[in-house]
Amino acid sequence: MAQNPTDDSSRRVSTSDDIEVGTYLEIAQADRTTGGNPPIDERMKTIVIIDFGSQYSRLIARRIREANTYCEIVSHDAGREILDEQDVIGVILSGGPNSVYEDDAPMAPTWVYEAGVPVLGICYGMQLIAHQLGGKVERGIEREYGHAVVHKDGQDNILFDGLDNEVPVWMSHGDRIEQLPPGFRSMAYTENSPLAVMGNEEGTYFGIQFHPEVAHTPQGAEILRNFLFGVCKAAGDWTPKNFVSDAIERIKERVGDGKVICALSGGVDSTVAAALIHRAIGDRLTCIFVDNGLMRKGEADRVQNVFASQLGVNLIFVDATERFLNALKGVTDPEVKRKSIGAEFIKIFEEAAIEIGEVDYLAQGTLYPDVIESTSADSTASHKIKTHHNVGGLPEHMDLKLVEPLRYMFKDEVRKAGAELGLTPQSVNRQPFPGPGLAIRIMGEVTFEKLEILREVDWIVIDEIKNDGLYDSLWQSFAVLTNTRTVGVMGDQRTYQYVTAIRAVTSADAMTADWARLPYDTLARISSRIVNEVDEVNRVVLDITSKPPGTIEWE
Ligand code: XMP
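Note that this is a predicted model, so its numbers are computed, not measured.

K.L.:
Outline helix H4 (residues 124-132), listing residues and values.
P.N.:
Extensive coverage of H4 is indicated by the burial of seven of its nine residues. The complete set of buried residues in H4 reads Tyr124, Gly125, Met126, Gln127, Leu128, Ile129 and Ala130. Of the residues flanking the end of H4, it is Gly134, one or two places downstream, whose phi is positive at about 105°.

And the structure:
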């Protein structure tokens, strides 16, 4: 029997929710205490990463979280408040595009050096330590870029504990340290950098010229771990169990006796956010699920089942298929489709919310990468937090405060939190699905008939991809219903039916994507099942376009 294609797992797309459309909700400066949840009483052992505009800052944070250690990224001009808010056990100064000797080069704030905690400077961060503590940095004769081999210089070097004498690393710098600051010594070198690693006598300040956070430095995670556990004495206790309990504490603190509403999309983020809030405040949470009729086969039932039956959450389920179909009548332009769907959703959501009566908070699935983006190195930039398009605009109108339980988590931590909360792999490991749903996978006007055809075709695509164990390795895989009919032959009968396309892509972040090289046998089974099982389709084509120049969705 065919396995339920909505069962089990994969990886994911957008950072803020499965449903995300690129509308933005302007939020006042994403201040740690006013924009999000207040700090909790119990301060977390925290590594602070100071961002100097490196493309890799987020990667440093990822590596540290992977080492079960809590960390936060702050801008180079952030104040010292974090020292009061968290139990800061170490600071990492990131790389950056500037030269420390330029007039307007960003410096590490003085509190970093006054905090009495270990400091690790990476690339630009290393040069900053040298520059700010009395050493000398100059433009190198040659830029060092790419692979290099670091040699330990024979002395004890805690950062390299457990590593070989020669360590392959990734370099990317033009400047070099000409003179060490007082009290520092060289700890390792490369062919081109006599000072590839430096450290102070006390063993508390370190600088490394290469990038330990990138995959091209294969033992980089080990070097960072040595800093975390050997130098900062991190406890390694940022585990799913702990980040779930941390999130629950923060929710309780933020919401108090208030009431929360949460729009469910069926995606990972809103599911985990709702499950966390439910754990924290029980029946004072009400979830609203609007079935827009544009979902995949079985999806609306699945969401209802997970929330109402498995989790026992107060759920308002609105069957709004008719309303969305009416709103989409005669609409063929992709952007008009999106707008009509968004507007209809907001109306329905508001109507449903009125039923609940007094409400104080709206739950939003903002993830940590969204927060980082909003407080990035350019602190003068307006702070925008990407939001679930379906709830965009609601808070101002309904005068709700936000509760953002995933605000301190990366995507994979959200999945782990979901598993820790007892959600099934089916709920926490899902490919992303666009907010406007199948409407943007049906070319031309959306009708109930076409939706039903696409639901059947999509089911077969996902089913075969799962049967062949490919689902997890694909960013997204789905079917598109074109507006074209072609001639075919079935038995003695001539047919004139729809062309459907298979779209499967690999991607890291949906910004770029490549078409997946699905095995011919998988494609053959998909094609044959579609034309045999779905009467209205007699031809299957494969989309072999990367992004750019194509997009993942067809509309
Ligand atoms: P494109 O098609 O732009 O898609 O390459 C990139 C990612 O975004 C999803 N997507 C959307 N998600 N509302 C959404 O919530 C939309 O209007 C929308 N358009 C595209 C798409 O599925 C992919 O993951």
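K.L.:
Mind laying out unusual backbone geometry, listing which residues take part and the relevant values?
P.N.:
In this chain, Lys547 is followed by Pro548 through a cis amide linkage whose omega measures -15°. By the element assignment, Pro548 lies in the segment after strand S20 (537-542). The omega torsion across Pro548 and Pro549 is 10°, close enough to zero to call that bond cis. With respect to the helices and strands, Pro549 occurs in the segment after S20. Look at Asn68: it is not a glycine, yet its phi comes out positive at around 50°. Taking the relative accessible area as the measure of exposure, Asn68 reaches 31% and is therefore partly exposed. The phi angle at Lys233 is positive, at roughly 55°, despite the residue not being glycine. Here Lys233 lies in the loop between helix H5 (220-231) and helix H6 (240-255).

K.L.:
Describe the environment of Val313, and please don't skip the residues or the numbers.
P.N.:
Here Val313 shows up in the loop between helix H8 (299-311) and strand S13 (314-319). Residue Val313 is classed as buried on the basis of its relative accessible area of 6%. Between the C-alpha atom of Val313 and that of His278, which follows or precedes it by 35 residues, the distance is 6.9 Å.

K.L.:
Describe the side chain of Lys337, and please don't skip the residues or the numbers.
P.N.:
In this fold, Lys337 is placed in helix H10 (residues 334-356). We classify Lys337 as buried; its relative accessible area is 0%. A polar contact of 2.7 Å, which involves the side chain of Lys337, links it to the backbone oxygen of Ile442. With residues up to four places along the chain from it excluded, the contact list for Lys337 reads Leu328, Val331, Thr332, Ala439, Ile442, Met443, Gly444, Val446 and Glu555.

K.L.:
How would you sum up the packing of H6 against helix H7 (residues 268-281)? Please name residues and give values.
P.N.:
H7 packs onto H6 with a crossing angle of 65° between their chain directions and a minimal axis gap of 9 Å. Where H6 crosses over H7, the handedness of that crossing is right-handed. Contacts between H6 and H7 involve Val244, Ala247, Ile248, Ile251, Lys252 and Val255 from the first element and Leu276, Ile277, Arg279, Ala280 and Ile281 from the second. Class assignment for the residues of the contact of H6 with H7 results in nine nonpolar, no polar and two charged.

K.L.:
Describe the environment of Trp111, with residues and values.
P.N.:
Tracing the backbone through its elements, the reader meets Trp111 in helix H3 (residues 110-114). The class for Trp111 is buried, based on a relative accessible area of 3%. For the pair Trp111 and Gly79, spaced 32 residues apart in the sequence, the C-alpha separation amounts to 8.0 Å. Sequence-distant contacts of Trp111, that is, excluding residues within four places in its chain, are made with Val48, Ile50, Ala78, Gly79, Arg80, Ile82 and Leu83.

How each quantity is defined
- Residues numbered from 1 in each chain as written.
- Predicted model: local features only at pLDDT ≥ 70, side-chain atom pairs only at ≥ 80, totals over all residues.
- Heavy atoms only, no water.
- Buried < 20%, exposed > 50% of the residue type's maximum accessible area, 1.4 Å probe, protein only.
- Helix = DSSP H or I, 4+ residues; strand = E, 2+ residues; numbered from the N terminus.
- Polar contact = N/O pair within 3.5 Å; in protein donor to acceptor, adjacent residues only side chain to side chain.
- Contact = heavy atoms within 4.5 Å.
- Axes fitted to C-alpha atoms, helices over the stretch in contact; angles between N-to-C directions.
- Left-handed = near helix turned anticlockwise from the far one by under 90°.
- Nonpolar A, V, L, I, M, F, W, Y, C, P; charged D, E, K, R; others polar.

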